[in-house]
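Fold and contact review
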Amino acid sequence: MHRRDSGWRLRWGMLVAGDLLASALAYLAAWGIRVSVPLPLTTGFIPALRFDEVQHHWPEMIVVQVGALYFLGLYETRALLRPRDHVGATVAAGVVQALALIAGYFFRADLVFPRTVFLLHAGLDGALLILWRLACSPLLHRYPRRRVLVVGADHAATEVVAAIRGQHWLGM
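Let us look at the overall build of the chain. Each helix and strand counted, the chain has 7 helices and 0 strands in total. For 172 residues, the compact-globule estimate of 2.2 N^0.38 gives 16 Å, and the chain exceeds it by more than 25% at 21 Å. Based on the C-alpha atoms only, the size of the chain along its principal axes is roughly 75 × 30 × 30 Å. Residues counted as buried form 34% of the 172 residues belonging to the chain. Residue pairs at least 24 apart in sequence account for 78% of intrachain contacts in the chain once pairs closer than 6 positions are excluded. Carbon together with sulfur atoms contributes 66% to the accessible area of the chain, which is approximately 10700 Å² in total.

Let's shift gears to the nonpolar core. Counting residues in hydrophobic clusters, the biggest one holds 14 residues, and the most contacted among them are Leu 15, Leu 69, Leu 74, Tyr 75, Leu 80, Ala 93 and Leu 140. Of all the elements in the fold, those that place two or more residues in this core are helix H1 (8-36), helix H3 (58-71), helix H4 (77-81) and helix H6 (115-140). In terms of residues, this core owes the most to one element, H1, which gives 4 residues. With sequence-adjacent residues up to four places away left out, Leu 69 is seen in contact with Asp 19, Leu 74, Tyr 75, Ala 93, Leu 129 and Arg 133.

A separate point is the side chain of Thr 90. Looking at the secondary structure, you find Thr 90 in helix H5 (residues 87-107). Thr 90 sits in the buried class, given a relative accessible area of 6%. Leaving out residues up to four positions away in the same chain, Thr 90 has contacts with Leu 74, Gly 126, Leu 129 and Ile 130.

This part takes up a nonpolar patch on the surface. On the surface, Val 87, Val 91, Val 95, Leu 99 and Ile 102 cluster together into a nonpolar patch covering about 370 Å² of accessible area. Overall, Val 95 belongs to the partly exposed group, its relative accessible area being 40%.

Attention shifts here to the packing of H3 against H6. How two helices sit against one another is set out by the angle between their axes and by the gap between those axes. Viewed as axis vectors pointing N to C, H3 and H6 meet at an angle of 55 degrees, and their least axial separation amounts to 13 Å. As the angle between them shows, H3 and H6 are arranged oblique. Two packed elements cross with a definite hand, and for H3 against H6 that hand is right-handed. Residues Met 61, Gln 65 and Leu 69 of H3 form the contact with H6, whose own contacting residues are His 121, Asp 125, Leu 129 and Arg 133.

Once that is clear, we can look at the packing of H1 against H3. One can describe the packing of H1 onto H3 by two numbers: an axis separation of 10 Å at closest approach and a directional angle of 125 degrees. Taken together, H1 and H3 sit at an angle that is classed as oblique. Judged by the sense of rotation from one axis to the other, the crossing of H1 with H3 is right-handed. In this structure, H1 contributes Val 16, Asp 19, Leu 20, Ser 23, Ala 24, Tyr 27 and Leu 28 to the contact, and H3 contributes Trp 58, Met 61, Ile 62, Gln 65, Val 66 and Leu 69. Of the residues contributing to the contact of H1 with H3, the split by class is 10 nonpolar, 2 polar and 1 charged.

Calculation rules
Residues numbered from 1 in each chain as written. Predicted model: local features only at pLDDT ≥ 70, side-chain atom pairs only at ≥ 80, totals over all residues. Heavy atoms only, no water. Helix = DSSP H or I, 4+ residues; strand = E, 2+ residues; numbered from the N terminus. Rg over C-alpha atoms; globule rule 2.2 N^0.38 Å. Buried < 20%, exposed > 50% of the residue type's maximum accessible area, 1.4 Å probe, protein only. Contact = heavy atoms within 4.5 Å. Areas by Shrake-Rupley, 256 points an atom, 1.4 Å probe, with all protein chains shown as cover. Core = buried A, V, L, I, M, F, W, Y, C linked by side-chain atoms within 4.5 Å. Patch = residues over 30% accessible without salt bridge, like charges linked within 9 Å, V, L, I, M, F, W, Y side chains within 5 Å. Salt bridge = Lys/Arg side-chain N within 4 Å of Asp/Glu carboxyl O. Axes fitted to C-alpha atoms, helices over the stretch in contact; angles between N-to-C directions. Parallel < 35°, antiparallel > 145°, perpendicular 65-115°, else oblique. Left-handed = near helix turned anticlockwise from the far one by under 90°. Nonpolar A, V, L, I, M, F, W, Y, C, P; charged D, E, K, R; others polar.

Written out as structure tokens, the structure is:
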């Protein structure tokens, strides 16, 4: 049986809240960049008033962010304890979120939304998620350790102990 310490739920909740905040900040920063920086292969700046003219799908963005991180295994223990090993999956979560938002806007026939915002959002979301996960790494390293009792004294018991010691992500 695995018992978690009393602060684990609070730390996990802080991680999810930071993931959601990273998505919102990436979205707003993508709009800010698009308004203030002329990007190549575009007609120029987007007027700042355009932000108020388009429909924003905040609830969908939040659901897709948590869903992408969950289905890519980024809320599992080993991903939380070793975020550097899962940088590719973290960036992929930002790309999956951008693709899901593009599909949502397409199926709602909201075709006036600037597409460059999605591209910027995907990159910024991946970068912010990586920074957030690395910043939270010391907080999550206090994950409670599991105890294991191996009964036996022969070669098989020694192999089991060596296998358990070699898999640090098990938390044993």
